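# Observations on the model geometry
Single-letter residue listing:
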Amino acid sequence: MPAPTPELSLVIPCFNESRVLPLLRQRLLESLPKMNLTWEVILVDDGSGDDTFAQLAALHATDPRFKAISFSRNFGHQMAVFAGLSRATGEFVAVLDADLQDPPEFVATGVAKLREGYDVVYAVRRRRKENFLKRAAYAGFYRLLKAIAEVEIPLDSGDFCVMRQCVVAVLRTMPERDVFVRGLRAWSGFRQVGVEYERAARAAGETKYPLSKLLKLASDGLFAFSSLPLRLAIYLGFASLAVSLAGAAFLITWKFLNFQILGHSPSEVPGWTSLVSLILFLGGMQFLILGILGEFIRRVYAEVQQRPRWIVRAELGFSPEPRHD
Ligand code: UDP
Ligand code: MG
C-alpha cells in the first residue's frame, strides 16, 4: 500500500557529508515532531565518495520517512536540490543544507508564515560566520546580481526556504541545465516573503563549495538572469561608433586646415588621417555588429531555456482540470 502523502517534505543535498549526517538526523528528529505534521525527508547524495549513501540507506531502513536519492556522480548542489524537489510531494516543501548551517527549526517558522497566505518563505541571512573576504565577495555578488538581474532576486538569501507545492510544481517544469534555484524561485512569482535568521557555522566537516564551484554558481546567476553581458557589446558599439565618427570628423578637418597640435601637423605623415579614421570607424562597426549578434544569441538562449511563458496562480470559472505536469 502506498504511504499517504506527507504534509511536509524536506529536501537536503548531501555531498560527502558522512560527518554531519548523525548530527543532522538527531536535529531533525528533535525538531520535526514538534511541528505536528506528517513529514518526509528527501536526502540527495550528490555522488559522494565517502559512506554518505550507506548512512542514508541505514537511515531509511530504520525510518522510511527518510528517503534517499543517489546520483551516479557529482552533479552539483543545485542539481541535487532540483532532483529532491522533483520527488517532493508535501504541500509544504523546505530546502536546506545538510551541514546544519540552516537550522531545521526555521522550517516551523516558514510553515507558519505560509499558512498566513504566502507561497514562498525564503530565509535571509542576518550575519555570516565566514571570513571577511568571503563575506565581502558574497555581499558584492548579491548586490551586482540585484543591480543587473531582470527579476527581483532578494539580497542575502540562498536556497534555504519553505515553499508551497504549487511553486515546486512550477520549478519542476523548468528544463534548463545550469539552474540557479534561488533565481528561478524568485522568477516564479507568487507571494514571497523573506524572514531573517542567524546562519550557524558548519556543524562538522569542511565546505563542499570550493571557489571554482562558487564561481560557477555566481556565473549561472548572472547569465541566467541578466542579458547585460550580451548587451554590453551593443552599448560599446554605439559609444565607440559615436566617438569614431566624431574623431574622424575632427581628423579630416585637421587634415584640411593643417594647423599644428603639439608641434605636429597631419601633412607630416601622409595617409595617417585616413588610416586612423578607418580604424576608428571599423572598430565601432565591429562592436555594433557583435552587439547585434549578442541580441540574437540572447533570444536563442531564452528560447532554449524553455521557461514557461507565464504561470497561473489560480483560475476561476473553469471546469476543474489537472494542473500542469
Ligand atoms: N553540496 C552538494 N553537492 C556539491 C557541493 C555541495 O550537494 O557538489 C551540498 C552540501 O552537502 C551541503 C550544501 O550543498 O549540504 C551546501 O554546501 P556547503 O555547506 O559545503 O557550502 P557552504 O555552506 O560552505 O557554502
Ligand atoms: Mg554550508
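Residues numbered from 1 in each chain as written. Chains lettered and ligands numbered in written order. Predicted model: local features only at pLDDT ≥ 70, side-chain atom pairs only at ≥ 80, totals over all residues. Heavy atoms only, no water.

### Observations concerning the overall build of the protein chain
Per the secondary structure count, the protein chain includes ten helices and seven strands. In summary, the protein chain has a C-alpha radius of gyration of 27 Å against a globular reference of 20 Å for 325 residues, an excess of more than 25%. Structurally, the protein chain occupies a C-alpha span of about 90 × 55 × 35 Å along its principal axes. Across the 325 residues of the protein chain, 44% fall into the buried class. On the protein chain, roughly 17,800 Å² of surface is accessible, and the fraction owed to carbon and sulfur atoms is 64%. (Helix = DSSP H or I, 4+ residues; strand = E, 2+ residues; numbered from the N terminus. Rg over C-alpha atoms; globule rule 2.2 N^0.38 Å. Buried < 20%, exposed > 50% of the residue type's maximum accessible area, 1.4 Å probe, protein only. Areas by Shrake-Rupley, 256 points an atom, 1.4 Å probe, with all protein chains shown as cover.)

### Quick look at the sheet that holds strand E1 (residues 8-14)
If you trace the seven strands from one edge of the open sheet to the other, you get E3-E2-E1-E4-E6-E5-E7, paired in mixed fashion. Two strands close off the open sheet at either side, each with one partner strand: strand E3 (66-70) and strand E7 (192-197). For this sheet, the mean inter-axis angle between neighbouring strands, taken without regard to orientation, is 20°. For E1 and strand E2 (residues 39-45), the ladder comprises seven bridges, and the chain directions are parallel. Bridging from a neighbouring strand, Leu 8 pairs with Trp 39 of E2. Lying over the sheet, helix H4 (residues 106-115) contacts E1, strand E4 (92-95), strand E5 (120-125), strand E6 (157-164) and E7, oriented at roughly 50° with respect to E6. (Pairing = 2+ DSSP bridges. Axes fitted to C-alpha atoms, helices over the stretch in contact; angles between N-to-C directions. Contact = heavy atoms within 4.5 Å.)

### Some remarks on the layout of surface pockets
If you add up the space inside the largest pocket, you get close to 920 Å³. Taken together, the elements giving at least two residues each to the lining of the largest pocket come down to E1, helix H3 (77-87), helix H5 (132-148), E6 and helix H8 (211-225). By residue class, the composition of the lining of the largest pocket is 21 nonpolar, seven polar and 16 charged. Put simply, the second largest pocket is a space of about 480 Å³. Lining the second largest pocket are 19 residues; nearest its centre among them are Ala 224, Arg 298, Ala 302, Gln 305 and Arg 307. Listing elements by their share of the lining of the second largest pocket, those giving two or more residues are H8, helix H9 (228-257) and helix H10 (272-305). Element by element, the count of residues in the lining of the second largest pocket is highest for H10, at five residues. Tallied by class, the residues present in the lining of the second largest pocket amount to ten nonpolar, four polar and five charged. (1 Å grid on protein atoms, 1.4 Å probe; cavity = no way out; pocket = protein on both sides within 12 Å on 5 of 7 lines; lining within 4 Å. Points joined across faces, edges and corners; volume = space filled by probe spheres on them. Nonpolar A, V, L, I, M, F, W, Y, C, P; charged D, E, K, R; others polar.)

### Focus: unusual backbone geometry
Phi angles above zero are rare outside glycine, and Leu 100 is one such case at about 65°. Considering the arrangement of structural elements, one finds Leu 100 in the loop between E4 and H4. In the Ramachandran plot, Asp 156 falls in the positive-phi region, its phi being about 55° despite a non-glycine side chain. Looking at the secondary structure, you find Asp 156 in the loop between H5 and E6.

### Description of the site of ligand 1
In the vicinity of ligand 1 lie 19 residues, with Glu 17, Asp 46, Asp 99, Thr 207 and Lys 208 positioned nearest. With respect to ligand 1, the side chain of Gln 101 contributes an N or O atom lying 2.6 Å from an oxygen atom. When ligand 1 sits alone it has 530 Å² of accessible area, and the protein chains cover 96% of it. Of the pockets mapped on this structure, ligand 1 occupies the largest pocket. (Near = heavy atom within 4 Å. Polar contact = N/O pair within 3.5 Å; in protein donor to acceptor, adjacent residues only side chain to side chain. Sits in = over half its atoms within 2 Å of the grid points.)

### Describing the environment of Tyr 301
Checked against the element boundaries, Tyr 301 lands in helix H10. Residue classification places Tyr 301 among the partly exposed positions, given a relative accessible area of 32%. When the C-alpha positions of Tyr 301 and Arg 115 are compared, they lie 37 Å apart, and in sequence the two are 186 residues distant. The residues contacting Tyr 301, other than those within four sequence positions of it, are Phe 223 and Ala 224.

### Some words on the coordination of the magnesium ion (ligand 2)
Ligation of the magnesium ion (ligand 2) by protein atoms is provided by Asp 99 (OD) and Gln 101 (OE1), these donors lying 1.9 to 2.0 Å from the ion. With respect to class, Asp 99 is no different from Gln 101; both count as buried. (Donors = N, O, S within 2.8 Å, 3.2 Å for Na, K, Ca; no water.)

### What to know about the packing of H9 against H10
Taken N-terminus to C-terminus, the directions of H9 and H10 make an angle of 165°; their axes are 7 Å apart at the nearest point. By the angle class used here, H9 and H10 are roughly antiparallel. Read as a crossing pair, H9 and H10 show a hand that is left-handed. Partitioning the contact of H9 with H10 into residue classes produces 21 nonpolar, ten polar and four charged. (Parallel < 35°, antiparallel > 145°, perpendicular 65-115°, else oblique. Left-handed = near helix turned anticlockwise from the far one by under 90°.)

### Some remarks on the pairing of E3
Where a strand is regular, its side chains alternate between the two sheet faces. Of the pairings in the sheet, the one linking E2 to E3 comprises five bridges and is parallel in character. Bridge pairing links Val 44 to Ile 69 in E3. At this point the chain moves from E2, through helix H2 (residues 52-62), to the parallel E3, and the crossover so formed is right-handed. (Right-handed = clockwise from strand over helix to strand, strands pointing away.)

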